[in-house]
Amino acid sequence: MAPFNPPNTVLSGFKERPEALLVQGDKLYIGTATGSLFIYEYNEFSENASTLVDTKKGLSRRPIDQLGYIKDINSLVSLSETIPTLYPLPSFAPPKPLTRAKGALTFAVHSSVQNLDQSDAQSGAHTVGRTGPIPTMVTQLLVGCRRKVVIYTWKDGEAQEIKETILPHSPRVAVFLDSDNVCFAYSPTEYALFSISKLTTLDVVTPIPANISMGTFSGLTGYMTLGLGVRAKPGLVRLSDTEALIVKDNQGFIIGTDGRQTKPTTIDWPSPPDEVAFVNPYIFSILPPGTVPVPENGSTSLPSGSAPVAPQSALIPSPVVQVISSLTAQSVQTLPFPPTSSASSAATCTIRLLTSSPAAKAPLFLVATPSDRTVATSEGSSIWQIRMRSWGDQIDELVQRCLYSDALSLLDTLDKALLPDKDQRRTHIRALHAVSQFRLGKFDDAINSFIELDLNPAKVVALYPERIAGRLSVPPDDWISLFGGPTNQQSFTPKNDDTISTKSQNDSNESKEKLVEQSASLAMPVKAAVRRGTAFVALLSSSKDKDDDTLSISGKKKVKQVDDFSRSVDALWRYLTDRRPKVAGALAVLHIAPAQSHQWPFLSETSIEELFSLPNIPLPLLTPEQLVRFAQIVDTALFKSYLVTQPALLGALCRLANWCEVSEVEEELRAREKFAELIYLYNGKKMHAKALNLLHQLSEKETDMRDKLDPSISYLRKLGPEYINQVFESSRWIFEEDRHMAFEIFTSDDVELPRTQVTDYLENIDPSISTRYIEYLIDEKGEEGAAFHDRLAELYLNVTLSARKRGDEANELEVYSKLLRFIDTTDHYRPDRLYGSLPENLYEARAVLLGRMGRHEHALELYVYKLKNYAKAEEYCKRIYNPSGATRSIFLTLLRLYLRPTDKAAPNLLQPALDLISRQSPRLDSVETLQLLPPLVTARDVRPFLQEALRAPIFDSHVIRNIHKARNEQVARKLMLLESRRVRVTDIRICPQCHKRLGSSVIAVHAPRGEVTHYQCRDAFARRLVDPVRR
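The rules behind these values
Residues numbered from 1 in each chain as written. Predicted model: local features only at pLDDT ≥ 70, side-chain atom pairs only at ≥ 80, totals over all residues. Heavy atoms only, no water. Helix = DSSP H or I, 4+ residues; strand = E, 2+ residues; numbered from the N terminus. Buried < 20%, exposed > 50% of the residue type's maximum accessible area, 1.4 Å probe, protein only. Contact = heavy atoms within 4.5 Å. Areas by Shrake-Rupley, 256 points an atom, 1.4 Å probe, with all protein chains shown as cover. Axes fitted to C-alpha atoms, helices over the stretch in contact; angles between N-to-C directions. Parallel < 35°, antiparallel > 145°, perpendicular 65-115°, else oblique. Left-handed = near helix turned anticlockwise from the far one by under 90°. Nonpolar A, V, L, I, M, F, W, Y, C, P; charged D, E, K, R; others polar. Polar contact = N/O pair within 3.5 Å; in protein donor to acceptor, adjacent residues only side chain to side chain. Phe/Tyr/Trp six-rings, centres within 6.5 Å; stacked < 30°, edge-to-face > 60°. Lys NZ or Arg CZ within 6 Å of the ring centre and 35° of its normal. Expected span 1.5 Å × (residues − 1). pLDDT = per-residue confidence, 0-100. Salt bridge = Lys/Arg side-chain N within 4 Å of Asp/Glu carboxyl O. Pairing = 2+ DSSP bridges. Patch = residues over 30% accessible without salt bridge, like charges linked within 9 Å, V, L, I, M, F, W, Y side chains within 5 Å. Arc of directions from axis to C-beta. Core = buried A, V, L, I, M, F, W, Y, C linked by side-chain atoms within 4.5 Å.

**What about the overall build of the protein?**
Argument step 1. Scanning the protein from N- to C-terminus turns up 36 helices and 31 strands.
Argument step 2. Expressed as a percentage of the 1031 residues in the protein, the buried residues total 48%.
Argument step 3. Long-range contacts, defined here as pairs at least 24 residues apart, represent 57% of the contacts in the protein between residues at least 6 apart.
Argument step 4. When the accessible surface of the protein is totalled, it reaches about 51,000 Å², and 51% of it is carbon and sulfur.

**As for the packing of helix α25 (residues 786-806) against helix α26 (residues 809-825)**
Argument step 1. Put simply, α25 and α26 touch, their axes get as near as 8 Å, and they point 155° apart. One finds that α25 runs roughly antiparallel with respect to α26. In this structure, α25 meets α26 at a crossing whose hand is left-handed. Contact residues: α25 offers His789, Leu792, Ala793, Tyr796, Leu797, Val799, Thr800, Ala803, Arg804 and Arg806, while α26 offers Asn811, Glu812, Val815, Tyr816, Lys818, Leu819 and Phe822.
Argument step 2. Looking at the contact of α25 with α26, its residues break down into 10 nonpolar, three polar and four charged.

**Focus: the side chain of Lys148**
Argument step 1. Looking at the secondary structure, you find Lys148 in strand β12 (residues 148-155).
Argument step 2. Using a relative accessible area of 17% as the deciding quantity, one classes Lys148 as buried.
Argument step 3. Engagement of the side chain of Lys148 in a polar contact is seen with the backbone oxygen of Arg100, the distance being 3.2 Å.
Argument step 4. A distance of 3.2 Å separates polar atoms of two side chains, one belonging to Lys148 and the other to Glu164.
Argument step 5. Every residue in contact with Lys148, bar those within four places of it in the chain, is listed here: Arg100, Lys102, Val143, Glu164, Thr165, Ile166, Leu167 and Pro171.

**Details of unusual backbone geometry**
Argument step 1. The step from Leu89 to Pro90 runs through a cis peptide bond, and the omega angle for that step is 5°.
Argument step 2. Tracing the backbone shows Pro90 in the loop between β8 (83-88) and β9 (96-97).
Argument step 3. In this structure, the amide linkage connecting Asn280 to the following residue, Pro281, adopts the cis form with an omega of 5°.
Argument step 4. Position of Pro281 relative to the elements: it lies in the loop between β23 (275-279) and β24 (282-287).
Argument step 5. For Asn74, which is not glycine, the phi torsion reads 50° and is therefore positive.
Argument step 6. Looking at the element boundaries, Asn74 is found in the loop between β6 (64-70) and β7 (75-80).
Argument step 7. The residue Glu81 is not glycine, and still its phi comes out positive at about 60°.
Argument step 8. By the secondary structure assignment, Glu81 is in the loop between β7 and β8.

**Topic: the packing of aromatic side chains**
Argument step 1. Across all of its chains, the model carries 24 aromatic pairs by this definition.
Argument step 2. For the ring pair Phe337 and Trp384, a centre distance of 5.4 Å and an interplane angle of 80° mean the geometry is edge-to-face. With a gap of 47 residues between them, Phe337 in the loop between β26 (330-336) and α1 (343-346) and Trp384 in strand β29 (residues 381-386) connect regions that are remote in the sequence. Just as Phe337 is buried, Trp384 falls in that class too.
Argument step 3. Cation over ring: Arg1018 sits above Tyr1015, and NZ or CZ is 3.9 Å from the ring centre.

**Topic: helix α5 (residues 422-439)**
Argument step 1. An ideal rise of 1.5 Å per residue puts 26 Å on 18 residues; α5 measures up with 25 Å between its terminal C-alpha atoms.
Argument step 2. Three or more residues of α5 are buried, namely Lys422, Arg425, Ile429, Ala431, Leu432, His433, Ala434, Val435, Ser436, Gln437, Phe438 and Arg439.
Argument step 3. Positioned one or two residues after α5, Gly441 has a phi angle of 90°, which is positive.

**Topic: the environment of Phe728**
Argument step 1. If you trace the backbone, Phe728 turns up in helix α21 (residues 724-737).
Argument step 2. Along the backbone, Phe728 and Val758 are 30 residues apart, and their C-alpha atoms lie at a distance of 8.4 Å.
Argument step 3. Filtering out sequence-adjacent residues up to four positions away, Phe728 remains in contact with Phe746, Gln757, Val758 and Tyr761.

**Here's the deal with the confidence of the model for the protein**
Argument step 1. With 84% of its residues at a pLDDT of 70 or more, the protein has an overall mean of 82.
Argument step 2. Between residues 301-310, whose pLDDT stays under 50, and residues either more than four places distant or in other chains, the model counts 31 contacts.

**Thoughts on the side chain of Gln333**
Argument step 1. If you trace the backbone, Gln333 turns up in strand β26.
Argument step 2. We classify Gln333 as buried; its relative accessible area is 5%.
Argument step 3. A polar contact of 3.1 Å, which involves the side chain of Gln333, links it to the backbone oxygen of Phe4.
Argument step 4. Apart from the residues lying within four places of it in its own chain, the contact partners of Gln333 are Ala2, Pro3, Phe4, Val321, Gln322 and Val323.

**Some words on the pattern of salt bridges**
Here the idea is simple: oppositely charged side chains can pair when their charged atoms come close.
Argument step 1. Following the criterion strictly, the structure yields 45 salt bridges and no others.
Argument step 2. As a salt-bridge pair, Arg430 and Glu452 come within 2.5 Å of each other at their nearest N and O atoms. Placement of Arg430 in helix α5 and of Glu452 in helix α6 (residues 443-453) is noted, with a sequence separation of 22 residues between them.
Argument step 3. A residue is classified by how much of its surface remains accessible, and Arg430, at 22% relative accessible area, is partly exposed.
Argument step 4. The structure contains a network of salt bridges with shared partners spanning Asp454, Asp578, Arg579 and Lys582.

**As for the packing of helix α31 (residues 890-899) against helix α32 (residues 910-920)**
Argument step 1. Closest axis-to-axis distance for the α31/α32 pair is 8 Å, and the angle between their directions is 160°. Taken together, the axes of α31 and α32 lie roughly antiparallel to each other. Of the two elements, α31 crosses α32, and the hand of that crossing is left-handed. Residues Phe891, Leu894, Leu895, Tyr898 and Leu899 of α31 form the contact with α32, whose participating residues are Leu910, Pro912, Ala913, Leu916, Ile917 and Gln920.
Argument step 2. Looking at the contact of α31 with α32 residue by residue, the classes come out as 10 nonpolar, one polar and no charged.

**Regarding the sheet that holds strand β1 (residues 8-14)**
Sheet strands pair by backbone hydrogen bonding; their relative direction is either parallel or antiparallel.
Argument step 1. Overall, antiparallel pairing links the four strands, which are arranged β1-β29-β28-β27 in an open sheet. Taken across any chain shown, the strands that pair with only one partner, and hence form the sheet edges, are β1 and β27 (349-357). When the angles between neighbouring strand axes are averaged without regard to direction, this sheet yields 20°.

**Notes on the pairing of strand β25 (residues 320-325)**
Argument step 1. With six of its six residues buried, β25 lies for the most part within the structure.
Argument step 2. By the alternation rule, side chains of β25 split into Val320, Gln322 and Ile324 and Val321, Val323 and Ser325, which are all buried.
Argument step 3. Note: β25 against β26, six bridges, orientation antiparallel. Paired with Ile324 across the two strands is Ser331, which belongs to β26.
Argument step 4. What sits between the antiparallel neighbours β25 and β26 is a turn of four residues, in which Ala329 has the positive phi angle 60°.

**Things to note about a nonpolar patch on the surface**
Argument step 1. On the surface, a cluster of nonpolar side chains totalling about 260 Å² of accessible area is made up of Val983, Val985, Ile1003 and Val1005.
Argument step 2. One can find Val985 in the loop between α35 (953-980) and β30 (1003-1006).

**Digging into helix α36 (residues 1018-1026)**
Argument step 1. Within α36, the full set of buried residues consists of Ala1020, Phe1021 and Leu1025. Looking down the long axis of α36, one finds its buried residues gathered within 140° of arc, a one-sided arrangement.

**Brief notes about the nonpolar core**
Argument step 1. Ranked by size, the top nonpolar core spans 186 residues in total, and within it Phe284, Phe450, Phe746 and Ile823 carry the most contacts.
Argument step 2. Counting residues per element, this core draws most heavily on helix α15 (residues 624-645), at 11 residues.
Argument step 3. Leave out the neighbours within four places in its chain, and Phe284 touches Phe4, Glu275, Val276, Ala277, Val279, Val321, Gln322, Val323, Leu354, Leu364 and Ile386.
Argument step 4. If you look at the next biggest cluster of nonpolar residues, it comprises 30 residues, including Leu177, Ala185, Leu236 and Ala244.

Below, the structure written as structure tokens:
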């Protein structure tokens, strides 16, 4: 499909010779060679496209050479008789000739809104009270005259001062680039840029045309006609505010405001064009008859570039309108004129006056006149219009032809108002273009586009072979359709899961790249495209270029297979590592972490269609479920790409929290014996049963017990309370191997399991291990709960009794010692509960528990009468003695048990009693102790006690206290006496040192008699007091 519809006639049978056309609003103005002006009402969508509404006969005595419109003053500009004239609309009266522009050859009009200062803007009521720049409509009429230029300006409809300057040559065509820069055409080969603000010109410098075809010298409008008196019209059109197209011979150059080429490429015609016009973004040109070759099968779509050599019979005998894209400098449509099946009639027609609508918009108009004067007189001229197809249809066609670069370039020229879905189309086409680049081996460029477009990572990963993409992998033939492109595309490279074929990296020719893109579609081969006139780029290349492309695709492919695959994977790493932190950040906002991956459905549970249907939108706009899917796809692909090309990096990835799909990689890891990485992966996915089973299997290959059990123990030590059942199940075989090493499972500093459940589990295995665990809790973890202390005491007791039954005295003594030490040193158990469980023959334990319960006398009875261990009884008393508490008489209680036994079978305990009295006399009440002593005890036996009792420490303390009191009182009285002494200074009192009156001077008082001197005389007087001679 071509970008423009077939031409249609808007006016036929026009008898006079049109010399100028102007389209303004719904009016079509035609200026004729007789100086008349015909005004038609124009409606491009009506069957009768034009209706004559007015005729201005004799508007000028000479032909009307050019027409223009100045909106600011609503006037028509007519150039005739080398003088421009302004005609107010709609009355055309009174006309205003611009006499200062006499000798005019051409003119150009430019209107723009400029923010001007108040000093530059026209003063008026609308500017009163306003500050800052004022938006002002500025219209400029530039008239090119013989060796000079005249500039008329209007600001908001008010005329300004006229500018005029001399030029080195006479401009024959002038076009505005912007409000300050104008491009002049002096001749078909001489061009210059003019600055309105500086009133200076700059010559345009272009390369010498490299190829001039023989078509240059064919046709009536070529340079061969110069000798006949017909002057060739320069080719000059405005493309944008910064660019213009100039024509030299059969080449077009795009220049900027600096007078230099802005693009290295040129536009080539098979012959110098008679006229050129611009309808954004297309360049129209009229090519003379016999210069354009006839395509095969009568096609009317021709390529641009140097014209191929062809016999005269193979050339189109009629004038041709060629349409070239300014974006690609390639021909997109070629139209023989007029469109008729009769070659003879077509050959007798000339076309002129290519005229576009205002602002270089469609439709475009032209005038066709029969070459034969008789026919022209009878039939007259006809005016044709060429309307553009919709932008959407043009872009769709480019996409259909796989010309994604051209489609994007065309989109860039369009305003969103012209194409409401511009942004969506851009995203779609950029994605398809990236796929095309990927297929051409431009992996980095493709990945950059994928990143910028926030594409679904499932589709990006699908471009890779199955060993990386897994079940997401898509054959190259289906890549375009996967990304929403046409389904009738076919890959230009053979399918290969291990390699990604590409063009040679040394081939940088853009046209060759487009040729390869063209070959991707078998639905529209080259010849068919030429035949139907729908090619948007040049498809006809020399056989040498085609051979070069073929070599770059097929010949070098075998050499670079491995390299291309590695480069593609490198690009994938860059894509995945870019997506990974961004997806993680989006999930973090939703408080979703990789550690929760086991809580979400696995990737393998989601269909491929569902994964491919995930939206291509920015990450913050995705739902939590979609974000999780993205994270799973990215991490799984990253894992598999590492596995294929960089296995050494797997460990680091597995140790980090990730969303990798285990089912996609575990078999491959097992096959490669990457057991450590697989265990890390299991652990991250909370598949602890699989990890522990694998560790158990691996342990069977080890002979050293430490090497055999340590990996499993280390793994189990990291499992939290939510996996306690798994810990119990997986640790049992370790206990069977080595109970001491297995105990380390429950002494982890990283996590803590429920202590009660662990204690029950260990007690079922072995009570001694449970005892060891509770000891660890109390000693290392600071457990203070009564339940664990009671349980430990009970375990000690049970083990002691079990050892006694077995006759294991060593074990019994060891555990019984632990029991005694435990109940004697801790306060967190319940002694009454344990006391009820003790058998009668464990006297020392019963004594300790009785003491804990405050029954000290009963405890001492067990020490004295049952154990007969008087030293422990005395130590017990020392431990609990409190001189100001309830146990201040505990030693007296022990003495009473010695001297007044409650057990009738007790032996004579006088000696232990006397020993106690001699050692603990200060803690015994003297009177009660003497009362307890038997009558036969001599004073010598208790002499130390009596000496201690008769010593009166209370008396000594009273004397010392009273002495201190008297001393304090004496010092206080002396201080009061000294403080009560004073001296009296009167007006007549004289200093004994200097014999002057004291007056109100600073004084010093001398001890001990109270002499008063001046302060400055104090030192001298003090020396007199000390020295009796001087006194």
